[in-house]
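Residues per chain are reported as follows:
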Amino acid sequence: MGKSKTRIFRKGINDQIPRISRADAISETVKHLETKKLSEAKNLITMFGLSAEEILEAGGSYEAVVAMKSILKNG
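Residues numbered from 1 in each chain as written. Predicted model: local features only at pLDDT ≥ 70, side-chain atom pairs only at ≥ 80, totals over all residues. Heavy atoms only, no water.

1. What to know about helix H3 (residues 38-48)
Three or more residues of H3 are buried, namely Ala41, Leu44, Ile45 and Phe48. Taken end-on, H3 shows its buried residues confined to a sector of 100°, consistent with a single buried face. Buried-residue contacts for H3 involve helix H2 (22-34) and helix H4 (52-57). At the exit of H3 stands Gly49, carrying a positive phi of roughly 65°. (Buried < 20%, exposed > 50% of the residue type's maximum accessible area, 1.4 Å probe, protein only. Helix = DSSP H or I, 4+ residues; strand = E, 2+ residues; numbered from the N terminus. Arc of directions from axis to C-beta. Contact = heavy atoms within 4.5 Å.)

2. Points about a nonpolar patch on the surface
On the surface, Leu56, Tyr62 and Val66 cluster together into a nonpolar patch covering about 290 Å² of accessible area. Tracing the sequence through the fold places Leu56 in helix H4. Look at Leu56 and you get partly exposed, because its relative accessible area is 35%. (Patch = residues over 30% accessible without salt bridge, like charges linked within 9 Å, V, L, I, M, F, W, Y side chains within 5 Å. Areas by Shrake-Rupley, 256 points an atom, 1.4 Å probe, with all protein chains shown as cover. Salt bridge = Lys/Arg side-chain N within 4 Å of Asp/Glu carboxyl O.)

3. Side note on the packing of H2 against H3
Axis separation between H2 and H3 bottoms out at 8 Å; the angle between their running directions is 155°. In terms of axis orientation, H2 runs roughly antiparallel to H3. Both H2 and H3 take part in a crossing whose hand is left-handed. In this structure, H2 uses Arg22, Ala25, Glu28, Thr29, His32 and Leu33 to contact H3, whose residues at the interface are Leu38, Glu40, Ala41, Leu44, Ile45 and Phe48. The residue makeup of the contact of H2 with H3, split by class, is seven nonpolar, two polar and three charged. (Axes fitted to C-alpha atoms, helices over the stretch in contact; angles between N-to-C directions. Parallel < 35°, antiparallel > 145°, perpendicular 65-115°, else oblique. Left-handed = near helix turned anticlockwise from the far one by under 90°. Nonpolar A, V, L, I, M, F, W, Y, C, P; charged D, E, K, R; others polar.)

4. Things to note about the nonpolar core
Among the nonpolar cores identified, the biggest contains 14 residues, and Leu33, Ile45, Phe48, Leu50, Ile55, Met68 and Leu72 are the most heavily contacted of them. Contributing elements (two or more residues each) for this core: H2, H3 and helix H5 (62-67). If sequence neighbours within four positions are ignored, Phe48 has contacts with Ile20, Ser21, Arg22 and Ala25. (Core = buried A, V, L, I, M, F, W, Y, C linked by side-chain atoms within 4.5 Å.)

5. Some points on the pattern of salt bridges
Applying the stated criterion across every chain, the model contains two salt bridges. One salt bridge connects Glu54 with Arg22, and the closest N-O pair in it is separated by 3.0 Å. Note that Glu54 is positioned in helix H4 and Arg22 in helix H2, a separation of 32 residues in sequence. We note a salt bridge from Lys31 to Glu28, for which the minimum N-O separation is 3.6 Å. Placement of the pair is Lys31 and Glu28 together in helix H2, with a separation of three residues, close to one helical turn. Since its relative accessible area comes to 47%, Lys31 is described here as partly exposed.

In structure tokens:
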């Protein structure tokens, strides 16, 4: 593969990965829990190591947090 194709291919790979802050991840997790998108919420929780306290402070429901307690970080 030529240099140009390699650069285009690499650029395409790098553009697919969104950049998200921890605060954005917490708010997105709360949205996913409210809309019952548990797999997306689980991905963000495990990726950022979110705690139950952080999700509750951001407005997550207690029931949703208890449902996800097995993957939430203690502390």
